[in-house]
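# Structural description and commentary
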Amino acid sequence: MARNYRDRERRENRPIVVPVIICSLAQEQGKQYTKRLLPEFLTPRSVIRLDHLLEAAALPAEERTADRVCEILGCIDPRTARRRLAALNGAINHVTLELSYRRASTPELGALPANDPDTAPLDHLQMLYQGEQEAQDRAGRAAAPLATLAAFLQAAMRKLPQKKPSSCVSLSGCPP
C-alpha cells in the first residue's frame, strides 16, 4: 500500500510502501481483516514522522517555538505542529499510565522509577520503559522481548480519537 511521509529538508511528502496483511478467513467472518505493518518512524494517520515528533517534544520549553518545531517536523503551518504534538502528548500519557500499571501490578520485579513533578512527560515515559525492560530481564522473559517505545506510541496514537482540523484561522499566533 502506498503511503507518504514528510521530508523535512525538502518540505514535501515522499512516498513509501507499507505492507498490508489480508486475512480472508477474518474477512469471511466479518472481522477486521487487514493489518498494516508501519515502520517505527511513521505516525498513524499522519505524514509527520514519529522520530521527528519525539525530537520536537524533547526540546526544552524555552527552545520550543513555533518556527523551531515546524522546522523539525517539516511542516509549514504551526497548527499542524500543535495538533501533532497534542496527539503525541496524549499517546505519551496513555503509554505512561499503561506502563505504570504494569510495574505497579508486579512489585516483586522492582519498584517504579523515582519521579518528581519537574520531570518532563517524555523523560518519565523513557524511565518507565527502561524500568519495564529491566523487570522483564529480571523475570527471565528474554524469549518474549518487550515492544519498542515507538511501537507503544504508535499503538496509542492509533487508539486515541482524532479531532478533525478546524477550518477556522486564528488571528493570534499560538506557539506549539
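This write-up is about the structure you can find in this document. (Residues numbered from 1 in each chain as written. Predicted model: local features only at pLDDT ≥ 70, side-chain atom pairs only at ≥ 80, totals over all residues. Heavy atoms only, no water.)

This paragraph deals with the nonpolar core. Leu73, Leu88 and Leu153 are the most contacted members of the largest nonpolar core, which has 30 residues in total. When residues of this core are traced back to their parent elements, those giving at least two are α2 (50-57), α3 (66-73), α4 (78-105), α5 (121-139) and α6 (149-159). With eight residues, the top contributor of residues to this core is α4. Setting aside its immediate chain neighbours within four residues, Leu73 contacts Arg6, Arg8, Ile48, His52, Leu53, Ala56 and Ala81. Ranked by size, the runner-up nonpolar core spans five residues in total, among them Tyr5, Val18, Leu38 and Leu42. (Core = buried A, V, L, I, M, F, W, Y, C linked by side-chain atoms within 4.5 Å. Buried < 20%, exposed > 50% of the residue type's maximum accessible area, 1.4 Å probe, protein only. Helix = DSSP H or I, 4+ residues; strand = E, 2+ residues; numbered from the N terminus. Contact = heavy atoms within 4.5 Å.)

A few words now on the pairing of strand β2 (residues 12-17). The side chains of a regular strand alternate, residue by residue, between the two faces of the sheet. As paired elements, strand β1 (residues 2-7) and β2 share six bridges and run antiparallel to each other. Bridge assignment links Asn4 to a residue of β2, and that residue is Pro15. What sits between the antiparallel neighbours β1 and β2 is a turn of four residues, in which Arg11 has the positive phi angle 55 degrees. (Pairing = 2+ DSSP bridges.)

Before going further, it helps to examine the environment of Leu85. Examined against the element boundaries, Leu85 turns out to sit in helix α4. Here Leu85 falls in the buried class, since its relative accessible area comes to 8%. When the C-alpha atoms of Leu85 and Leu53 are compared, they prove to be 6.8 Å apart, with 32 residues separating the residues in sequence.

Another point: unusual backbone geometry. Located in the positive-phi region is Arg11, a residue other than glycine, with phi close to 55 degrees. You can see Arg11 is positioned in the loop between β1 and β2. By relative accessible area, Arg11 is classed as partly exposed at 36%. Of note, the phi angle at Arg45 is positive, near 60 degrees, even though the residue is not glycine.

Attention now moves to the packing of α5 against α6. A packed helix pair is summarised by two numbers, namely the angle formed by the two axes and the spacing between the axes. Across the interface, α5 lies against α6 with an axial gap of 11 Å and an inter-helix angle of 120 degrees. Here α6 runs oblique to α5, going by the angle between their axes. In terms of crossing hand, the pair formed by α5 and α6 is right-handed. Of the residues in α6, those touching α5 at Leu125, Gln126 and Tyr129 are Leu149, Phe152 and Leu153. When the residues that make up the contact of α5 with α6 are grouped by side-chain class, the tally is five nonpolar, one polar and no charged. (Axes fitted to C-alpha atoms, helices over the stretch in contact; angles between N-to-C directions. Parallel < 35°, antiparallel > 145°, perpendicular 65-115°, else oblique. Left-handed = near helix turned anticlockwise from the far one by under 90°. Nonpolar A, V, L, I, M, F, W, Y, C, P; charged D, E, K, R; others polar.)

What follows is about α4. In this model α4 runs 40 Å from its N-terminal to its C-terminal C-alpha over 28 residues, within 8% of the 40 Å that 1.5 Å per residue would give. Here α4 has its buried residues at Ala81, Arg84, Leu85, Ala87, Leu88, Ala91, Ile92, Val95, Thr96, Leu99, Ser100 and Arg103. Lining the buried residues of α4 we find α2, α3, α5 and α6. (Expected span 1.5 Å × (residues − 1).)

This next bit is on the packing of aromatic side chains. Under the definition given, this model contains two aromatic pairs. Ring plane angle 80 degrees and centroid distance 5.6 Å describe the contact between Tyr5 and Phe41, whose orientation is recorded as edge-to-face. You can see Tyr5 sitting in strand β1 and its partner Phe41 sitting in the loop between β4 (34-36) and α2, a full 36 residues away along the chain. Where Tyr129 meets Phe152, the ring centres are 6.3 Å apart and the plane angle is 75 degrees; that geometry is what we call edge-to-face. One end of the pair, Tyr129, is in helix α5; the other, Phe152, is in helix α6, and 23 residues separate them in sequence. (Phe/Tyr/Trp six-rings, centres within 6.5 Å; stacked < 30°, edge-to-face > 60°.)

On to the pattern of salt bridges. According to the stated counting rule, one finds eight salt bridges in the structure shown. Put simply, Glu12 and Arg14 hold a salt bridge, and the shortest N to O gap is 3.5 Å. Glu132 serves as the salt-bridge partner of Arg102, at 3.8 Å between the closest nitrogen and oxygen. With a gap of 30 residues between them, Arg102 in helix α4 and Glu132 in helix α5 connect regions that are remote in the sequence. Salt bridges sharing partners connect three or more residues here, namely Asp7, Glu12 and Arg14. (Salt bridge = Lys/Arg side-chain N within 4 Å of Asp/Glu carboxyl O.)

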